[in-house]
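Structure assessment
Residues per chain are reported as follows:
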Amino acid sequence: MPAPLLSLRKMTKTYGQTVANSAIDLDVAEGSIHAILGENGAGKSTLMKLIYGVERPDEGEVLWNGIPVHLTSPAEARRLGIGMVFQHFSLFETLTVVENISLIVPGSKADLAARIRALGQDFGLTVDPFADVHALSVGERQRVEIIRCLLTEPRLLILDEPTSVLPPQAVGLLFETLRRLRAKGVSILFISHKLDEIRALCDRATILRGGRVTGDVDPRQHDSHDLARMMIGRDMPAPLHLAPMPAGEVRLELAALDHTPDDPFGIALAGVSLRLHAGEILGIAGISGNGQSELSRLISGETLLPASRRDEIRMMDQPVGNIGPAARRALGFAFVPEERLGRGAVPEMSLADNSLLTAHPLGLLKRGLIDRQAEAAFTAACIADFDVRTSGPEAEAGSLSGGNLQKFIMGREISLQPRLLFVAQPTWGVDVGAATAIRQRLVKMRNEGVAVLVISEELEELFEICDRIQVLHKGALSPSLDPRSTRPEEIGRWMIGAVGVAA
Amino acid sequence: MIHLVRRDRASRRMAVAAPLLALLAAILSNLLLFVTMGKDPAAVFYALLLEPFLSWSSFSEVLLKTGPLLLIAQGLAIGFRAKVFNIGAEGQFILGAIFASAIPVYFPQATGGWIWPAMLVMGAIGGALWAVVPAFWRVRLNANEILVTLMMSLIAVQLLNYLLLGPWKDPMGFNFPQSVMFQYDAMIPILLPGTRVNASILLAFLAALLAWIYMQRSFGGYQFLVGGLAPKAATYAGFSQSRAIWLSLLIGGFAAGLAGAAEVAGPIGQLQRSISTGYGYAAIIVAYLGGLHPLGIVASAFLMAALYIGGDNAMVSADLPVAAVRVFQGSLLVCYLAAITFVRFRLVRTKVAPA
């Protein structure tokens, strides 16, 4: 048997007290698509950084074609034939495709353009070499990144969560490309936490949990259930059931909301309309960067409308477009923003002080002074009720993991007993267990008659918890869709703005 | 290889140790500097750091200088914690002195116990008014308050010059650029008999107490902290940023103006060009050296005051140039800014991976 293309032996990497990777073994065969499967925080990204030479291991050995090598930098990794496509693209938006590529790959532009076209034909990566990058869709930008890697003729291509930014249709195209690359003898390391994708695409899967290898299997021979158990260490939680609820009164209404942000790179909203009733969950689907952050700032009151247009946003049947976040909260609004550190919480402050941020009207103040006892009691209750894993109310918010901080912020906002709860990206960077707890909590709120608005990139999540879904694309909102009678592909078409066009 | 690694949480121990380490580093590096200048390091050390505490009269002078530094620094620190950088306390101090002096200049014959308190009130108003301009420009036009406050200080100096060379010049003053000597009732009562220490130092300590309550206990102070640490979180919570800017600058101007008034109604006793020996700028160092914490600032104001007196001594007895004290103050700030890195970070020595 020939030596594997890449072998890792006992790779270990620690950051301070945290062991990110512990004695990881990995063999990637020639011409295979190999999955690295794990939850957020399982150590996938660290492992890839070690392979690509961005970070150096504390211990362990790397073999390339059976020969020990030292990967001291990404340049060294590229010289060996390792290419990587990061989750966040590194393209200059103001340059064309070929200009971006010529920054890294030597050769004349005409030459490169020809090679880009040739590669595109061979691997189904069609993109116009002379198009400006800012005009490309996310899927096309990803293709540019992949082409840029392929032009250096790698033997191993690392893709970090490549499907997380793609609508369902583009995922199929990407998989086709990867299969063609495999046929040409290129090995692929495919990082993901989506089980179905891995079963559809990969020959081999190495599963990580808590920085250790918990499985090394052929994913086609295991069902999703098995893989999930290896990934999270227990059974997948049961899906939620939405009991039908009579429609309550309207708690949030956007009436043909137009907004052009001050930020020149912001997305303008055009004619956004929605109505959210008590006792329902409305999901806003869409790929990030289509106006989600602008919309959420308008709903939260962090961006204000002029008084003349205050009727474009109504909460609890009152015009609120020109009043700030605190005044909206006084009406019964609560908001969990997508950025937890620095927006939903102050990283340098204790959890107790972070409680004050929005919960100060709940008796945490006495004549303008902070009531430390009430503050600590509120925080302790929040920690206990929402299962926040932390050393206590005095822990700094910045020291909590993403999932635990999210549970704390959710807990704080739910403690406000809102009549209208708005959650942006409820489970971003949150592990599966905590994500389930958060979703169950949202459904419970709905069942108690709260109006819940959720913005999420995760389509599966929205299908799981929403009564209705609307899709945001380029600042425009689709009509309301019923997740029980709508296929994910149809939502996907709205996500890429291709409604009415054959998919 | 040595790396900086972020600590899991800010180290309280380092927060206290940092100013002490900075003081030590500044002393050592400056003594080295004095040695290279050919001065006797022992004499400098004695004059600069010990002599201020060795006699009652020089110690009382330290207390006298502590007052304005403490008052100004407490006001500035509130703004600094909200990341509103009022660098123009010097100008606000001068305006406070001018406003306070208006009473004895226009009513030199007036008598009564109301005069010096009224001067303090006038001074505080004058300092706050001088800070209105940068606050207004910052809120309305997003003009950087660092530049505007700094430039307002230059204007204040010229305004002072104009008054002393023109309308407010003492007609009996042999053409010196100074106002009349203030009458008895325009002077703040002496607190410690036999010294120049007056009751205004009590005001400074009162300000420290109020600042402590405001910044450590009140919800208003909390909003400042959030705005400084995480502006987006402040917006998210609905804390008004323009309110924080207005209050920061007004409080800073108020305190500096009060200090300016206390200076002319205290040790100086008239309006003259040299009413401030850089208190407004030194207070910036005092605020940071005290960790922007009201109690820390009490200690750092005292230290800085001692350096002022020690510097005067060293000029006389150890033949140090005038600039040496400024150099010392500056290096103290630089050392402190370097030292506070270790409150949130620690040094880690890493093994170099065998190549």
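Residues numbered from 1 in each chain as written. Chains lettered and ligands numbered in written order. Predicted model: local features only at pLDDT ≥ 70, side-chain atom pairs only at ≥ 80, totals over all residues. Heavy atoms only, no water.

What about the overall build of chain A?
Our working definition: Strands here are runs of E lasting at least two residues and helices are runs of H or I lasting at least four, both read from the DSSP assignment and numbered beginning at the N terminus. Throughout, radius of gyration means the C-alpha value; the globule benchmark is 2.2 Å times the number of residues raised to the power 0.38. Each residue is assigned to one of three classes by its accessible area relative to the maximum for its type, calculated with a 1.4 Å probe on protein chains only: buried under 20%, partly exposed between the two thresholds, exposed over 50%. The protein chains shown are the only cover counted for residues, whose accessible areas, like all others here, come from Shrake-Rupley with a 1.4 Å probe.
Across its full length, chain A holds 16 helices and 22 strands. Relative to its length of 503 residues, chain A is compact, with a C-alpha radius of gyration of 24 Å against a globular reference of 23 Å. In terms of overall dimensions, chain A has a C-alpha envelope of 75 × 50 × 40 Å along the principal axes. Within chain A, the fraction of its 503 residues that count as buried is 53%. Total accessible area computed for chain A in this model is approximately 21000 Å², and 52% of it derives from carbon and sulfur atoms.

A word on the overall build of chain B
So the rule is basically this: Two residues form a contact once any of their heavy atoms are found within 4.5 Å. When charges are counted, Lys and Arg are positive and Asp and Glu negative, with His and the chain ends excluded. Every charge is mapped to an atom, namely NZ of Lys, CZ of Arg, CG of Asp or CD of Glu.
Each helix and strand counted, chain B has 14 helices and 2 strands in total. Here the C-alpha atoms of chain B give a radius of gyration of 22 Å, agreeing with the 20 Å that 2.2 N^0.38 yields for 355 residues. Going through the 355 residues of chain B one by one, you find that 52% of them count as buried. Nonlocal contacts in chain B, meaning residues at least 24 apart in sequence, comprise 78% of its contacts between residues at least 6 apart. Carbon together with sulfur atoms contributes 71% to the accessible area of chain B, which is approximately 16200 Å² in total. Taken as two groups, the 22 positive and 11 negative side-chain charges of chain B have centres that lie 21 Å from each other.

Notes on the packing of aromatic side chains
The cut-off we apply is this: Between 30 and 60 degrees the pair is tilted, below 30 it is stacked and above 60 it is edge-to-face, where a pair is any two Phe, Tyr or Trp rings, Trp via its six-membered ring, whose centres lie within 6.5 Å. Criterion for a charge above a ring: Lys NZ or Arg CZ within 6 Å of the ring centre, and within 35 degrees of the ring normal.
Applying the stated rule across the entire model yields 19 aromatic pairs over all chains. Taking 5.9 Å as the distance between ring centres and 65° as the angle between the ring planes, the aromatic pair formed by Phe59 of chain B and Phe302 of chain B counts as edge-to-face. With a gap of 243 residues between them, Phe59 of chain B in helix α3 (residues 56–81) and Phe302 of chain B in helix α12 (residues 294–317) connect regions that are remote in the sequence. Assessed through its relative accessible area of 25%, Phe59 of chain B is described here as partly exposed. Seen from their ring centres, Tyr279 of chain B and Tyr308 of chain B are 5.8 Å apart, and the 55° between their planes marks the pair as tilted. Residue Tyr279 of chain B is located in helix α11 (residues 279–289), and its partner Tyr308 of chain B is located in helix α12; the two are separated by 29 residues in the primary sequence. Tyr308 of chain B carries the same exposure label as Tyr279 of chain B, and that label is buried. One aromatic cluster is present, formed by Phe333, Phe335 and Phe422 of chain A together with Tyr236 of chain B through successive ring pairs. Its guanidinium or amino end placed over the ring of Tyr236 of chain B, Arg329 of chain A lies 5.1 Å from that ring's centre, counting from NZ or CZ. Taking the ring centre of Tyr308 of chain B as reference, the NZ or CZ of Lys65 of chain B above it sits at 5.7 Å.

Brief notes about the interface of chain B and chain A
Rule in force here: Summed over both partners, the accessible area (1.4 Å probe) lost when two parts come together is defined as the buried area. Just to be clear on terms, a salt bridge is a Lys or Arg side-chain nitrogen sitting within 4 Å of an Asp or Glu carboxyl oxygen. N or O atoms within 3.5 Å of each other form a polar contact, as long as, within protein, one can give a hydrogen and the other can take it, and as long as residues adjacent in sequence are counted only when both atoms are side-chain atoms. Ten residue types, Ala, Val, Leu, Ile, Met, Phe, Trp, Tyr, Cys and Pro, are classed as nonpolar, four, Asp, Glu, Lys and Arg, as charged, and the remainder, Gly among them, as polar.
With 24 residues of chain B at the contact, the number on the chain A side is 35 residues. The junction of chain B with chain A conceals about 2400 Å² of combined surface from both sides, 58% of it contributed by carbon and sulfur atoms. Contact with chain A buries surface across chain B, with Phe219, Tyr222 and Tyr236 of chain B losing the most and accounting together for 32% of the total. The tally of links from chain B across to chain A stands at 1 salt bridge. Close ionic contact of Lys232 of chain B with Glu339 of chain A constitutes a salt bridge, the shortest N to O distance being 2.9 Å. Linking chain B to chain A there are 12 residue pairs in polar contact (both at pLDDT 80 or more). Secondary structure elements with two or more residues in the side of chain B that touches chain A: α7 (200–217), α8 (219–229) and α9 (231–237) of chain B. Of the residues in the side of chain B that touches chain A, the class split is 14 nonpolar, 4 polar and 6 charged.

Side note on the nonpolar core
Stated formally: Nonpolar cores are built from buried Ala, Val, Leu, Ile, Met, Phe, Trp, Tyr and Cys residues. Side-chain atoms within 4.5 Å join them into one set. An automatic or database domain assignment provides the domain bounds reported here.
The biggest cluster of nonpolar side chains holds 99 residues, and the ones touching the most others in it are Leu252, Leu254, Ile299, Leu357 and Leu442 of chain A together with Tyr222 and Val226 of chain B. For this core, the domains that each give at least three residues are domain 2 (237–332 + 418–503) and domain 3 (342–402) of chain A. Beyond its immediate sequence surroundings of up to four residues, Tyr222 of chain B is in contact with Met349, Asp353, Asn354, Leu356, Leu357 and Ile370 of chain A together with Phe239 of chain B.

Remarks on the domain arrangement of chain A
The assigned domain composition of chain A is domain 1 (6–232), domain 2 (237–332 + 418–503) and domain 3 (342–402). One C-alpha centre belongs to domain 1 of chain A, the other to domain 3 of chain A; they are set 40 Å apart.

Describing the pattern of salt bridges
Residues and elements named next belong to chain A. In the structure shown here, the tally under the stated rule is 40 salt bridges over all chains. A salt bridge links Asp203 to Arg182; the shortest N-O distance between them is 2.6 Å. Of this pair, Asp203 sits in the loop between α7 (195–201) and β9 (204–209) while Arg182 sits in helix α6 (residues 168–183), placing them 21 residues apart in sequence. A residue is classified by how much of its surface remains accessible, and Asp203, at 17% relative accessible area, is buried.

Some remarks on the side chain of Thr66 of chain B
All names here are of chain B. Tracing the backbone through its elements, the reader meets Thr66 in helix α3. Under the relative-accessibility criterion, Thr66 is labelled buried at 3%. There is a polar contact of 2.7 Å between the side chain of Thr66 and the backbone oxygen of Val62. Here Thr66 is in contact with Ala301, Phe302 and Ala305, once residues within four sequence places are set aside.

Observations concerning helix α5 (residues 115–141) of chain B
Residue and element names in this part refer to chain B. Rules: Residue count minus one, scaled by 1.5 Å, sets the expected span of a helix. Bend is the name given here to the angle between axes fitted to two runs of seven residues, the run ending at a residue and the run starting at it.
Taking 1.5 Å of rise per residue, the 27 residues of α5 would be expected to cover 39 Å, and the 39 Å separating its terminal C-alpha atoms lies within 8% of that figure. At Val132, α5 shows its maximal kink, close to 25°; a proline, Pro134, follows between one and four residues later. A positive phi of about 60° marks Asn142, the residue just after α5.

Overview of a nonpolar patch on the surface
Residue and element names in this part refer to chain B. Definition in use: What goes into a patch is any residue over 30% in relative accessible area without a salt bridge, connected to like charges within 9 Å or, for nonpolar side chains (Val, Leu, Ile, Met, Phe, Trp, Tyr), within 5 Å.
A contiguous nonpolar surface patch, about 540 Å² in accessible area, is contributed by Leu206, Leu209, Leu210, Trp212, Ile213 and Leu295. With 5 residues, α7 is the single largest residue contributor to the nonpolar patch. Assignment of secondary structure puts Leu209 in helix α7.

Section: the sheet that holds strand β16 (residues 333–336) of chain A
Residue and element names in this part refer to chain A. The following threshold applies: If DSSP finds at least two bridges between two strands, the strands pair. Structural elements are reduced to axes, namely lines fitted to C-alpha atoms, with helices fitted over the stretch in contact, and the angle between N-to-C directions of any two is expressed from 0 to 180 degrees.
Taken in spatial order, the 6 strands of this open sheet run β16-β19-β20-β13-β21-β22, and their pairing is mixed. The open sheet has two free edges, formed respectively by β16 and β22 (476–477), since each of these has just one partner strand. Across the face of the sheet, helix α9 (residues 292–300) comes into contact with β16, β19 (420–424), β20 (451–455) and β21 (468–473) while running at roughly 150° to β16. Together, β13 (281–285), β19 and β20 form the strand contacts of helix α14 (residues 432–447), whose direction differs from that of β20 by roughly 150°.

A closer look at the sheet that holds strand β10 (residues 212–217) of chain A
Residue and element names in this part refer to chain A. The 6 strands lie next to each other as β6-β7-β8-β3-β9-β10, forming an open sheet whose pairing is mixed. Looking along the sheet, the strands with just one partner apiece sit at the ends: β6 (82–85) and β10. Sheet twist, expressed as the average angle between the axes of neighbouring strands with direction ignored, equals 20°. Relative to β9, strand β3 (residues 33–37) runs parallel, the two sharing 4 bridges. Residue Ile36 lies in a different strand from β9, and its bridge partner there is Thr206. Sheet strands touched by α6: β3, β7 (156–160) and β8 (187–192). Its angle to β8, the strand with the most contacts, is close to 150°. With respect to the sheet, helix α8 (residues 224–232) is in contact with β3, β9 and β10, its orientation differing from that of β9 by roughly 35°.

Examining the packing of α5 of chain B against helix α10 (residues 241–268) of chain B
Residue and element names in this part refer to chain B. Test applied: Here a crossing is called left-handed whenever its near helix is offset anticlockwise from the far helix by less than a right angle, and right-handed whenever the offset is clockwise.
Put simply, α5 and α10 touch, their axes get as near as 6 Å, and they point 145° apart. For the pair α5 and α10, the sense of crossing is right-handed. When its residues are assigned to classes, the contact of α5 with α10 shows 19 nonpolar, 6 polar and 1 charged.

Focus: the environment of Ala261 of chain B
Residue and element names in this part refer to chain B. Along the polypeptide, Ala261 turns up in helix α10. By relative accessible area, which is 0% here, Ala261 ends up buried. It is 9.7 Å that separates the C-alpha atoms of Ala261 and Pro117, two residues lying 144 residues apart in sequence. With residues up to four places along the chain from it excluded, the contact list for Ala261 reads Gly96, Ala97, Ala100, Met119, Leu120 and Gly123.

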